[in-house]
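# Secondary and tertiary structure notes
Chain residues, written in single-letter form:
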Amino acid sequence: MTADPDAIAGIYERQARAWDAARTCALFEAAWLERFATILPPGGRVLDLGCGAGEPIARWLIEAGFRVTGVDISEAMLALALDRWPDGDWRRADMRHLDLGERFDGIVAWDSFFHLTPDAQRACLPAMARHLSPGGAILVTVGPDANEVTGTVGDEPVYHASLSPADYARILEQTGLRLTAFIAEDPDCDRHSVLMARARGPDR
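Right, let's walk through the structure included here. (Residues numbered from 1 in each chain as written. Predicted model: local features only at pLDDT ≥ 70, side-chain atom pairs only at ≥ 80, totals over all residues. Heavy atoms only, no water.)

Next up on the list: helix α4 (residues 75-84). Taken together, the buried positions of α4 are occupied by Met77, Leu78, Leu80 and Ala81. For α4, the angular spread of the buried residues around the axis is 155°, confining them to a single face. Buried residues along α4 sit against α1 (8-22), β2 (67-72) and β3 (89-92). Taking the backbone nitrogen of Ala76 as reference, a side-chain oxygen 3.3 Å away marks Ser74 as the first, capping residue of α4. (Buried < 20%, exposed > 50% of the residue type's maximum accessible area, 1.4 Å probe, protein only. Helix = DSSP H or I, 4+ residues; strand = E, 2+ residues; numbered from the N terminus. Arc of directions from axis to C-beta. Contact = heavy atoms within 4.5 Å. Polar contact = N/O pair within 3.5 Å; in protein donor to acceptor, adjacent residues only side chain to side chain.)

Here is the structure:
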């Protein structure tokens, strides 16, 4: 293991423009975003956790009519998002210490949550649940199984980790969320492993 999980902020700070330029906007994520959106109330509040520069996830959500709050650990990434949406709600925060004191109808953590260590993921999922309104949903990319691997951002090594699908299901259930979908290395989503879960609603 050559990547340091505590180095994520610095890597994205240095690589923000290179990452943004390389990030595809082909929207291979669209089917999952549409599935997620059908659960949410029209115009609902969505927390984009690890929003980066806002492309393409936040853009899709904004254009779909949702009120997006973007959170990222990198000031450089947030500056790019702010350039694109000067009136947007962009905030610097570390998802390992998520405590916004607000609730959202949905939370997306696409290509961000998997930078946390396994222990940090176990702590973050209950925090995400506390930020959900009744009946709210989360959409998260993870790994296909329990593992720690090294990827790259620009020319720097970057840390990734995942729990097993069974561990995710168990933790979600303990926090009042139900796993509603999981596909490992979805061939229709650029081989991303994606999970979706939903909080209990007031009538459930």
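Take the sheet that holds strand β8 (residues 177-186) next. Reading across the sheet, the seven strands line up as β3-β2-β1-β4-β5-β9-β8 and stay open at both edges, with mixed pairing between neighbours. One side of each edge strand has no neighbouring strand; the edge strands of this open sheet are β3 and β8. Recorded for the sheet is a direction-independent mean angle of 15° between the axes of neighbouring strands. Relative to strand β4 (residues 104-109), strand β1 (residues 45-49) runs parallel, the two being bridged by three bridges. When the bridges of β4 are listed, Leu47 appears paired with Ile107. (Pairing = 2+ DSSP bridges. Axes fitted to C-alpha atoms, helices over the stretch in contact; angles between N-to-C directions.)

A few words now on the pairing of β1. Among the five residues in β1, four count as buried, and that is most of the element. Here β1 runs beside β2; their pairing, made up of five bridges, is parallel. Bridge pairing in β2 places Leu49 opposite Val71. The handedness of the β1 to β2 crossover, carried by helix α3 (residues 57-63), is right-handed. (Right-handed = clockwise from strand over helix to strand, strands pointing away.)

So, about the packing of α1 against α4. Their axes nearest at 7 Å, the elements α1 and α4 cross at an angle of 40°. Classed by the angle they form, the pair α1 and α4 counts as oblique. Contacts from Tyr12, Glu13, Ala16, Arg17, Trp19 and Asp20 of α1 reach α4 at Glu75, Ala76, Met77, Leu80 and Arg84. Counted by class, the contact of α1 with α4 contains six nonpolar, no polar and five charged residues. (Parallel < 35°, antiparallel > 145°, perpendicular 65-115°, else oblique. Nonpolar A, V, L, I, M, F, W, Y, C, P; charged D, E, K, R; others polar.)

This part is about the side chain of Ser112. Assignment of secondary structure puts Ser112 in the loop between β4 and α5 (118-130). Among residues more than four places away in sequence, those in contact with Ser112 are Leu49, Gly50, Met95 and Thr141.

A few words now on the pattern of salt bridges. Taken as a whole and judged by the stated rule, the model has 14 salt bridges. As a salt-bridge pair, Arg14 and Glu156 come within 2.7 Å of each other at their nearest N and O atoms. A residue pair is termed long-range when its members are at least 10 positions apart, and Arg14 in helix α1 and Glu156 in strand β7 (residues 156-162) qualify at 142 residues. Residue Glu185 pairs with Arg191 through a salt bridge whose shortest N-O separation is 3.6 Å. Accessibility expressed as a relative area gives 35% for Glu185, which makes it partly exposed. Connected via shared salt-bridge partners are Arg45, Asp89, Arg91 and Glu102. (Salt bridge = Lys/Arg side-chain N within 4 Å of Asp/Glu carboxyl O.)

Attention now moves to helix α6 (residues 165-174). Considered for burial, the residues of α6 that qualify are Tyr168, Ile171 and Leu172. Angular distribution of buried residues about the axis of α6 spans 100°; they occupy a single face of the element. In this structure, α6 carries Ala166 and Gln174 as exposed residues pointing more than 90 degrees from its buried face. At the exit of α6 stands Gly176, carrying a positive phi of roughly 90°.

Pairing geometry for β8 and strand β9 (residues 192-199), over seven bridges, is antiparallel. Bridged to Leu177 within β9 is Ala199.

A few words on the nonpolar core. One finds Leu49, Phe113, Leu125, Met128, Ile138, Val140 and Leu177 to be the most contacted residues of the largest nonpolar core, which totals 29 residues. Among the secondary structure elements, those contributing two or more residues to this core are β1, β4, α5, β5 (132-142), α6 and β9. Looking at which element gives the most residues to this core, the answer is α5, with six residues. Filtering out sequence-adjacent residues up to four positions away, Met128 remains in contact with Leu49, Leu98, Ile107, Ala109, Phe113, Ile138 and Val140. (Core = buried A, V, L, I, M, F, W, Y, C linked by side-chain atoms within 4.5 Å.)

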